[in-house]
Amino acid sequence: MKCFTKHTGLVAAMDRANVDTDQIIPKQFLKRIERTGFGEFLFWDWARLDDGSPNPDFELNQPGVKDASVLLARRNFGCGSSREHAPWALEDYGFRVIVAPSFADIFYNNCFKNGMLAVRLPEDIVEQLFGRAEKYPGYELTADLNNCTVGDSHDFSTTFEVDSFRRDCLLNGLDDIGQTLEHEDKITSYEGTH
Amino acid sequence: MTDSVNQPRTLFQKIWDNHVVHAAEGRQTILYIDLQLVHEVTSAQAFEGLRLAGRVVRRPERTVATADHNVPTTDRSLPILDVISKRQIDTLRDNCNDFGIQYYDLNDPRQGIVHVIGPELGYTQPGMTIVCGDSHTSTHGAFGALAFGIGTSEVEHVLATQTLLQDKPKTLELRVDGQMRPGVSAKDLVLYLIGKITTDGGTGYCVEYTGEAIRELTMENRMTVCNMSIEAGARAGMIAPDEKTFDYLRGRPEVPEDFDAAVERWRQLPTDEGAVYDSSLTFLAARIAPQVTWGTNPGLVASVDATVPKPMDYADPTEQKTAASALEYMGLKGGERITDLKLDRVFIGSCTNARIEDLRAAAEIAKGRKVSDDVSAMVVPGSGQVKKQAESEGLDHVFREAGFDWREAGCSMCLAMNPDKLSPGERCASTSNRNFEGRQGKGGRTHLVSPAMAAAAAVAGHFVDIRQWS
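Residues numbered from 1 in each chain as written. Chains lettered and ligands numbered in written order. Predicted model: local features only at pLDDT ≥ 70, side-chain atom pairs only at ≥ 80, totals over all residues. Heavy atoms only, no water.

(A) Broad picture of the overall build of chain A. Secondary structure summary: chain A contains 8 helices and 7 strands in total. Over its C-alpha atoms chain A spans a radius of gyration of 18 Å, differing by no more than 12% from the 16 Å that the globule rule assigns to 194 residues. Looking at the 194 residues of chain A, the share that counts as buried comes to 60%. By element, 47% of the accessible surface of chain A is carried by carbon and sulfur atoms, the whole surface being about 7,700 Å². The centroid of the 20 positive side-chain charges in chain A is displaced by 1 Å from the centroid of its 32 negative side-chain charges. (Helix = DSSP H or I, 4+ residues; strand = E, 2+ residues; numbered from the N terminus. Rg over C-alpha atoms; globule rule 2.2 N^0.38 Å. Buried < 20%, exposed > 50% of the residue type's maximum accessible area, 1.4 Å probe, protein only. Areas by Shrake-Rupley, 256 points an atom, 1.4 Å probe, with all protein chains shown as cover. Lys, Arg positive; Asp, Glu negative; His and termini not counted. Charge placed at Lys NZ, Arg CZ, Asp CG, Glu CD.)

(B) Quick look at the interface of chain A and chain B. With 57 residues of chain A at the contact, the number on the chain B side is 68 residues. Buried surface at the junction of chain A and chain B, both sides included, amounts to about 5,100 Å², of which 50% is carbon and sulfur. Seen at the junction of chain A and chain B, the total is 14 salt bridges. Residues R35(A) and E156(B) are paired through a salt bridge, measuring 3.3 Å at the closest nitrogen-oxygen approach. Counting the contacts that link chain A with chain B gives 36 residue pairs in polar contact (both at pLDDT 80 or more). Counting only elements with at least two residues in the side of chain A that touches chain B, the list comes to α1 (21–24), α2 (44–47), α3 (85–93), α4 (105–113), α6 (164–172), α7 (176–181) and α8 (184–193) of chain A. (Contact = heavy atoms within 4.5 Å. Buried area = accessible area lost by both parts, 1.4 Å probe. Salt bridge = Lys/Arg side-chain N within 4 Å of Asp/Glu carboxyl O. Polar contact = N/O pair within 3.5 Å; in protein donor to acceptor, adjacent residues only side chain to side chain.)

(C) Examining the sheet that holds strand β4 (residues 63–66) of chain B more closely. Residue and element names in this part refer to chain B. Spatial strand order, β5-β4-β3-β6-β7: 5 strands in an open sheet with parallel pairing. Where the open sheet ends on each side, the last strands, each with one partner, are β5 (102–104) and β7 (146–149). Between one strand and the next, the sheet's axes are offset by a mean angle of 20°, whatever the strand orientation. (Pairing = 2+ DSSP bridges. Axes fitted to C-alpha atoms, helices over the stretch in contact; angles between N-to-C directions.)

(D) Main features of unusual backbone geometry. Unlike most non-glycine residues, F43(A) shows phi in positive territory, near 50°. Residue classification places F43(A) among the buried residues on the basis of a relative accessible area of 0%. Non-glycine residue S412(B) carries a positive phi angle of around 55°. Mapped onto the elements, S412(B) comes out in the loop between β17 (405–406) and β18 (427–430).

(E) A look at the side chain of S229(B). All names here are of chain B. Within the secondary structure, S229 sits in the loop between α8 (219–227) and β11 (236–238). Given a relative accessible area of 1%, S229 falls into the buried group. Separated by 2.8 Å, the side chains of S229 and Y209 make a polar contact. The contacts of S229, once residues within four sequence positions are left out, are S138, Y209, A234, A236 and G237.

(F) Looking closely at the sheet that holds strand β16 (residues 376–379) of chain B. Pairing within the open sheet is parallel, and its 5 strands lie in the order β17-β16-β15-β18-β19 (chain B). At either end of the open sheet lies a strand with only one pairing partner, and these are β17 and β19 (445–448) of chain B.

(G) Looking closely at the environment of A457(B). Residues and elements named next belong to chain B. Locating A457 in the fold gives a position in helix α15 (residues 451–460). For A457 and A377, which are 80 residues apart along the polypeptide, the C-alpha to C-alpha distance reads 9.8 Å. Beyond its immediate chain neighbours, meaning those up to four positions away, A457 contacts L343, V346, A429, H462, F463 and V464.

(H) Expanded view of the packing of aromatic side chains. Going through the model one piece at a time under the given rule, you end up with 24 aromatic pairs over all chains. With a centroid separation of 5.7 Å and 55° between ring planes, the pair formed by F43(A) and F58(A) is classed as tilted. You can see F43(A) sitting in the loop between α1 and α2 and its partner F58(A) sitting in the loop between α2 and β2 (70–72), a full 15 residues away along the chain. Here the two residues F43(A) and F58(A) agree in accessibility, since each one is buried. Note on F399(B) and W406(B): the rings are 5.8 Å apart at their centroids and 15° apart in plane angle, and the pair reads as stacked. Residues F399(B) and W406(B) agree in their burial class; the two are buried. Ring pairing ties together the aromatic residues F77(A), F103(A), F107(A), Y108(A) and F112(A), which thus form one cluster. One residue, R32(A), lies across the ring of F38(A), its end atom 4.8 Å from the ring centre. (Phe/Tyr/Trp six-rings, centres within 6.5 Å; stacked < 30°, edge-to-face > 60°. Lys NZ or Arg CZ within 6 Å of the ring centre and 35° of its normal.)

(I) Spatial organisation of α8(B). Where burial is concerned, most of α8(B) is hidden: 8 out of the 9 residues are buried. Taken together, the buried positions of α8(B) are M219(B), E220(B), R222(B), M223(B), T224(B), V225(B), C226(B) and N227(B).

(J) Focus on the pairing of strand β2 (residues 29–32) of chain B. Residue and element names in this part refer to chain B. Burial along β2 is two-sided: the residues T29 and L31 and I30 and Y32 are all buried. Across 2 bridges, the pairing between strand β1 (residues 20–22) and β2 is antiparallel. Residue pairing for β2: V20 is matched across the bridge by L31. Taking the residues that link successive antiparallel strands as the turn, the β1-β2 hairpin has 6 residues, and the phi of G26 there is positive, at about 75°.

(K) Structural context of the side chain of H69(B). With respect to the helices and strands, the residue H69(B) is situated in the loop between β4 and α3 (83–99). Separated by 3.3 Å, the side chains of H69(B) and H39(B) make a polar contact.

Here is the structure:
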């Protein structure tokens with residue numbers, strides 16, 4: 001698995017609550033049997049007009065955020081379908097960090113499995129970050145998983161919580177399956193008694 | 001094991017305790033998985049991962065697969081025209097062959113939506129842990145199982161280890177007291193609950209549905225309720241097993257050989273008296289009216305006799321914004337009477353509402369009537385066996401004579417991965433589970449309802465209050 005320690009990147013702000021995984025990667029792109037190449041289809045129905053050309057009103061199509069790698073979002077980001085294609089698409093597009101007040105459970109899990117850091121911050125702090133993203137052109141955030149902090153270069157810094165296991169796995173890029181198989185004897189013994 | 005074994009425990013806690021392979025402070029628990037269901041859309045990359053790492057499927061006999069999301073619902077003897085869909089379905093077949101997994105292919109009479117065939121074939125049993133790369137895996141909780149959706153990396157993890165790394169969720173009791181009024185269905189009940197707790201009210205929780213109204217539900221109704229747990233953000237929803245559960249399972253092909261002994265074990269599962277949930281909410285069944293969603297998430301729902309809300313009805317600015325954007329997408333202003341909303345399409349199907357009782361409820365409304373000239377309506381049975389049963393009862397004739405399309409089994413227009421989809425701007429009454437933007441086709445406008453409400457809407461051309469239908 002990819003590891004994550006610290007990342008500084010341009011912020012794209014998406015001021016919508018309950019962004020579901022059907023929006024992040026619509027179903028017509030789920031027929032592929034590969035893990036890669038989903039980035040160009042990210043938010044397809046919002047990002048493209050009917051003729052396939054870029055929708056100039058869409059958040060990620062704004063000139064200033066083309067190279068964004070930090071996504072600032074609202075509550076319940078990633079709700080709905082369990083499709084891991086959603087984090088695959090976000091990651092392939094170039095996002096490394098997503099900051100939101102809350103995430104849907106399955107999506108949150110899926111992010112960590114793909115080397116992306118999902119940061120939960122209180123709603124009022126996220127509100128503040130939306131304000132800063134609007135105020136400062138080229139606004140960047142730094143997420144530091146070692147110290148569990150998020151900050152900018154305009155005197156903002158805060159800590160976030162993440163469980164120690166997920167943090168370890170992401171910091172070290174550990175393979176979940178390999179780790180579990182270290183306990184294979186316990187699995188075998190469980191199977192023998194149940 | 002945990003130290004809570006001698007304390008009164010919830011249904012969830014008992015199943016969790018019974019599946020802990022390894023728990024250590026500061027680590028996720030290694031939880032044993034009894035059954036993994038596999039479908040074509042979320043599995044190819046997991047099998048590929050196994051191959052790349054030189055791993056095998058640890059317990060192929062605890063793994064069952066079928067193709068459902070992508071499959072055409074038209075004549076099965078014809079080739080699949082969409083080459084990319086076909087490649088995905090063929091890949092699943094090949095993976096099942098290579099790894100020794102039971103696969104119900106498109107020509108198997110038992111093929112169907114994975115959450116319909118699991119229970120139907122008796123794979124789904126009380127007390128089990130069940131996962132699938134599909135968020136509606138919560139359906140199987142209707143049997144008193146701990147069942148939840150997972151991502152593809154986790155699918156691979158379960159294939160390789162038959163376990164999953166899990167954080168223990170909190171428990172939420174949703175209790176529904178009293179009896180539901182005539183004309184009000186399980187779908188209305190669950191939509192009502194989602195409306196009350198909102199689309200993320202269950203995040204971080206495993207829900208247990210309790211109370212008289214839940215106990216009164218048939219097994220198929222219970223599946224409808226548990227199916228939509230994820231629409232409130234809860235990965236899992238469950239209902240304690242009882243005589244109805246055992247009666248449903250008795251005689252199905254995959255149930256334990258010593259069924260009576262299994263029943264005795266299953267009787268120990270219901271939540272003990274005095275067990276405590278992390279949170280509990282109580283509702284009155286008699287207050288529930290038939291429900292219709294008006295927005296773009298399942299929590300944006302109203303009673304059929306109400307009007308569509310306006311953004312200013314919400315206090316919170318984020319909710320106001322959500323409502324305004326939902327109304328715009330849905331082509332609504334707010335303030336319209338729900339019963340005035342005219343429909344172009346009706347879809348009866350999906351893992352929420354495509355079982356035989358759902359089709360009977362819809363057929364009862366459709367019988368001797370005609371689908372409105374302005375509406376195109378289709379019925380997609382949840383499985384080959386549901387289809388066969390419906391045909392043996394003559395329901396296919398009822399639907400066809402009324403002007404409904406009668407299709408082969410699959411997920412179909414619930415998510416529109418196959419050719420069944422809405423055109424931009426089309427308004428659809430759907431018995432499925434998600435009204436997200438574009439879910440049933442780009443620009444399509446989905447209103448979630450019960451099977452009876454969908455059938456009545458097809459006939460009338462607009463929503464009608466099924467309680468006043470005659």
